[in-house]
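# Survey of secondary and tertiary structure
The lines below spell out each chain.
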Number of protein chains: 2
Amino acid sequence: MTETMSRPARNGVDVPTLFATLDAVKGAPQLADFQFRATNTWVKGTHSRSSIQGFYGAGQEDVSRTEAFSYDHDHPAVLVGTGQGPTPVEILLPAIAACLTSGLANIASARGITLRRVRSTVEGDIDLMGILGLDHQVRNGYRQIRVTFEVDGDATAEELRGLVEQSRRRSAVYDVLVNGTDVVIDVK
Amino acid sequence: MTETMSRPARNGVDVPTLFATLDAVKGAPQLADFQFRATNTWVKGTHSRSSIQGFYGAGQEDVSRTEAFSYDHDHPAVLVGTGQGPTPVEILLPAIAACLTSGLANIASARGITLRRVRSTVEGDIDLMGILGLDHQVRNGYRQIRVTFEVDGDATAEELRGLVEQSRRRSAVYDVLVNGTDVVIDVK
């Protein structure tokens, strides 16, 4: 711990602040209670638009985001939409890649490994007979998601693989996509 | 079926084409095999960028998207990032809202219900003691996601609720978030 505590910033990760944050949360676990949020507004047909801005965390409402992140969602023409954005189920794929990548960068930095390049591709196989209601034996969602990483950095191939593995162990998106979670849907 | 087959376009949904598509897939189930894809490239620190463009489906590589959809992901300052985008786990929230909304619009249109307004808010509760590695009793992902819909349209409150319920039954994102799926991670 003493060794890692003294590590400098690396890979664009402020390692001293990262460890100070861990220490602060260890001393006050309520700081780890977060609530993320989004809103969605239907536009037309299968086209809708989402917005992400505020969240609660570290004991307060976050005000660091002065502008909302906005996303369009739609079905492609072949699924009777107008292609104004990717289909909603597609954005699960960048979510898993990005979650593993940000974790990987933090872990590499904490371990003193300089990264040169991290790239990943994600594929999700889905049989639409499920959502189309044409085969009740077929699930609605992906039957498999595959993430393939290329990691180039100042470490052995085994150490670089270890970064991906440790990131998987601490990934919020991986946990939800593999284990599922409680989803409650209400209508006002 | 005859009645719904004869319904006109409504809510921006081309209902005759929707039913023709269902019929086409019923006659050739291999058309329902889809593969969605994304790529992600690490930028710096917890900042990465994803791209979504091509997919395989309806028996061929899709070429309808002439430009890629691009997404930035990052951690906010309070999580030692630079806030260049929402955190990866946040984008699961628009995914579920948008998936339910596009399904709802299709179902309403097939049922002859004109929609005036559909809006939803999503909240996801997560205890970061899990991903921070500070409490092994705490899961990494959301412990609960709540979606709240407001639906205004030319139907009774019960019929409008029924749209949300039927959309949930056919939602790809709902299925994955509730039941999980197989996620395979490789390093090249």
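Calculation notes
Residues numbered from 1 in each chain as written. Chains lettered and ligands numbered in written order. Predicted model: local features only at pLDDT ≥ 70, side-chain atom pairs only at ≥ 80, totals over all residues. Heavy atoms only, no water. Least-squares fit on C-alpha atoms with pLDDT ≥ 70 in both. Contact = heavy atoms within 4.5 Å. Phe/Tyr/Trp six-rings, centres within 6.5 Å; stacked < 30°, edge-to-face > 60°. Helix = DSSP H or I, 4+ residues; strand = E, 2+ residues; numbered from the N terminus. Buried < 20%, exposed > 50% of the residue type's maximum accessible area, 1.4 Å probe, protein only. Axes fitted to C-alpha atoms, helices over the stretch in contact; angles between N-to-C directions. Parallel < 35°, antiparallel > 145°, perpendicular 65-115°, else oblique. Nonpolar A, V, L, I, M, F, W, Y, C, P; charged D, E, K, R; others polar. Salt bridge = Lys/Arg side-chain N within 4 Å of Asp/Glu carboxyl O. 1 Å grid on protein atoms, 1.4 Å probe; cavity = no way out; pocket = protein on both sides within 12 Å on 5 of 7 lines; lining within 4 Å. Points joined across faces, edges and corners; volume = space filled by probe spheres on them. pLDDT = per-residue confidence, 0-100. Pairing = 2+ DSSP bridges.

## Digging into the relation of the copies chain A and chain B
After a rotation of 180 degrees and a shift along the axis of 0.0 Å, chain A superposes on chain B with an RMSD of 0.0 Å. In symmetry terms, the pair is related by a two-fold rotation axis. It is Gly180(A) whose C-alpha, among those of chain A, lies nearest the rotation axis, at 2.1 Å. Both copies contact each other with a shared surface, as 100% of the interface residues of chain A are interface residues in chain B too.

## Concerning the packing of aromatic side chains
Here a ring pair, both rings aromatic, is described through the centre-centre distance and the interplanar angle of the planes. All chains considered together, the criterion is met by seven aromatic pairs over all chains. Taking the centre distance of 5.4 Å and the plane angle of 55 degrees together, the rings of Phe36(B) and Phe55(B) count as tilted. Remark: Phe55(B) occurs in strand β3 (residues 55-57) and Phe36(B) occurs in strand β1 (residues 33-44); sequence separation between them is 19 residues. In this pair, the class of Phe36(B) matches that of Phe55(B), namely buried. Aromatic ring contacts, followed pair by pair, group Phe34(A), Phe36(A) and Phe55(A) into a single cluster.

## Quick word on the packing of helix α3 (residues 92-110) of chain A against helix α5 (residues 172-179) of chain A
All names here are of chain A. Viewed as axis vectors pointing N to C, α3 and α5 meet at an angle of 135 degrees, and their least axial separation amounts to 7 Å. In terms of their interaxial angle, α3 and α5 are classed as oblique. Of α5, the residues touching α3 (which contributes Leu92, Ala95, Ile96 and Cys99) are Ala172, Val173, Tyr174 and Leu177. For the contact of α3 with α5, the class distribution of residues is eight nonpolar, no polar and no charged.

## Section: the pattern of salt bridges
Residue and element names in this part refer to chain B. Summed over all chains, the structure comprises 22 salt bridges over all chains. Across the pair Asp125 and Arg146 runs a salt bridge, and its minimum N-O distance is 2.7 Å. With Asp125 in strand β6 (residues 115-127) and Arg146 in strand β7 (residues 144-153), this residue pair connects regions lying 21 residues apart in the sequence. By relative accessible area, which is 12% here, Asp125 ends up buried.

## Section: unusual backbone geometry
Residues and elements named next belong to chain A. Even without a glycine there, the phi angle at Ala58 is positive, about 55 degrees. Inspection of the secondary structure puts Ala58 in the loop between β3 (56-57) and β4 (60-61). A positive phi angle is found at Val80, which is not glycine, with a value near 65 degrees. With respect to the helices, strands and loops of the structure, Val80 is situated in the loop between β5 (69-73) and α3. Overall, Val80 belongs to the buried group, its relative accessible area being 13%.

## Structural notes on empty space enclosed by the protein
Empty space among the atoms can be located by rolling a probe the size of a water molecule over them. Taken as a whole, this structure holds one cavity of 30 Å³ or more when the rule is applied. Reported here for the largest cavity is a volume of approximately 40 Å³. Contributing to the lining of the largest cavity are Tyr71(A), Ile91(A), Pro94(A), Tyr71(B) and Ile91(B). Here the lining of the largest cavity is composed, by residue class, of five nonpolar, no polar and no charged.

## Thoughts on the confidence of the model for chain A
Looking at chain A, pLDDT values average 96 and 97% of them are 70 or higher. If you check the scores for this complex, the pTM reads 0.96 and the ipTM reads 0.96.

## Some remarks on the pairing of strand β6 (residues 115-127) of chain A
When β6(A) meets strand β7 (residues 144-153) of chain A, the two strands line up antiparallel, connected through 10 bridges. From the neighbouring strand, Val118(A) faces β7(A), where its bridge partner is Val151(A). Summarising the sheet, β6(A) and β1(B) pair through nine bridges and their orientation is antiparallel. Of the residues in β1(B), the one forming a bridge with Ile126(A) is Phe34(B).

## Description of the environment of Val89(A)
If you trace the backbone, Val89(A) turns up in the loop between β5 and α3. For the pair Val89(A) and Cys99(A), spaced 10 residues apart in sequence, the C-alpha separation works out to 16 Å.

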